[in-house]
Amino acid sequence: MGCCSFDCFVYFVLSIALAFMAVSTTLPPPPDSIIAKPNRPITHHHPLSLNASKSLRQSNFKAIATLLHVSPEIFLSSSSSNTTLFAIADASLFNTSSLSPLFLKQLLQYHTLPLRLLMKDLLEKPQGTCLPTLLRHQSVQISTVDKESRTAEVNHVMISHPDMFLGDSLVIHGVLGPFSPLQPHMDHIPQSSLCQSDTDKTSVEEEEAVPVKIDWTRIIQLLSSNGFVPFAIGLHSVLNRITADQHKSLTGVTILATPSLVSLSSASPLLYEVMRRHILAQRLTNKDFASMPDKALLKTLDPYQDLIITRRSVVNSSSEHLMISGVEIVAPDMFSSSNFVIHGISHTLDIPRA
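Residues numbered from 1 in each chain as written. Predicted model: local features only at pLDDT ≥ 70, side-chain atom pairs only at ≥ 80, totals over all residues. Heavy atoms only, no water.

Draft legend 1. Seen up close, the confidence of the model for the protein chain. When pLDDT is averaged along the protein chain, the result is 78; 71% of the residues meet or exceed 70. Mean pLDDT across the elements of the protein chain ranges from a minimum in helix 1 (residues 2–26), with 52, to a maximum in strand 8 (residues 253–257), with 95. Low pLDDT (under 50) marks residues 30–45, which in the prediction has 44 contacts with non-local residues, meaning those over four places away or in another chain. Confidence over residues 197–208 falls short of pLDDT 50; this stretch has 17 contacts with residues more than four positions distant or in other chains. (pLDDT = per-residue confidence, 0-100. Helix = DSSP H or I, 4+ residues; strand = E, 2+ residues; numbered from the N terminus. Contact = heavy atoms within 4.5 Å.)

Here is the structure:
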């Protein structure tokens, strides 16, 4: 079984590499890319390509290692000598046979920045910073920064292998999955609402997000008058603790409201944990959720309890239902303002037990 799996994977990598070679030699660069021009070639024997591929292969990023070795020009910018590559884990690329080589080429450009950013540089960026990619008019967002644990997420995908390769002009980090959801027969990277398209944006956004005053009173009123009375009561009971903990650091919140909140007294310490788990520390609409890849992590007001985005296929339909930690969003974007969004979910999110 192991041998068969290995042989299949080798076949998969070689097929993708050959497809990329065919696309590179028969098709002009797509208009939405800024890949390197022919006057800056890196041959298959270039030391940078060889050394980077070796590092990727040693960390079991074999698909990206092969592609970097065979077609390094995909990862180069025509406007910058520096590159940061977010290498996608092999497991996330294994089931991409229905996607065209041209789309996969764009996918890799979406994971490549015309900048040289070490992990320490990423950790110094404000949360919410948008970074330009080689896919024109498409940026990715540093969605989470935790300096204490020295971890970061891009488009809600964890950087699992920081500083995997450090060259004079090339830096490679490994990520757990793609920055965009991969659906069968896709032909383009959907525009993420995390970083809106801006044709004039050519540099990293350096302005730090400004904290805002969350209209908690309005949130509780909307919940109370629209069938979420138990949830509104629970939120009101712990609101003083929530606002004290956040120290005016929020730029927005997302409320995941359930009409059937577990029955807990206002004095119960568990109520505070339950409510924090149902509030995300960022304003995210249903469109934002839909633009995130599977298994993207969502930060709640509890710094130790993340939620996870998944999708459930609908029988006899091409559509999918968004799930948050196994709970379906049944009423997306019920209420919205500039600093909050309220979504209705089917039932209470579970609290993991230690």
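Draft legend 2. Spatial organisation of the pairing of strand 11 (residues 307–313). Where strand 10 (residues 297–298) meets strand 11, 2 bridges bridge the pair, whose relative direction is antiparallel. Residue pairing for strand 11: Leu-298 is matched across the bridge by Leu-307. Strand direction decides the pairing type here: strand 11 and strand 12 (residues 320–324), joined by 5 bridges, are antiparallel. Along strand 12, the bridge assignment pairs Arg-312 with His-321. (Pairing = 2+ DSSP bridges.)

Draft legend 3. Seen up close, the sheet that holds strand 4 (residues 139–146). On the basis of which strands lie adjacent, the open sheet formed by 7 strands has the order 2-1-7-6-5-4-3 and mixed pairing. Lying at the two open borders of the sheet, with one neighbouring strand each, are strand 2 (112–113) and strand 3 (130–132). Relative to strand 7 (residues 170–175), strand 6 (residues 157–166) runs antiparallel, the two being bridged by 4 bridges. Its bridge partner lying in strand 7, His-161 is registered against Gly-174.

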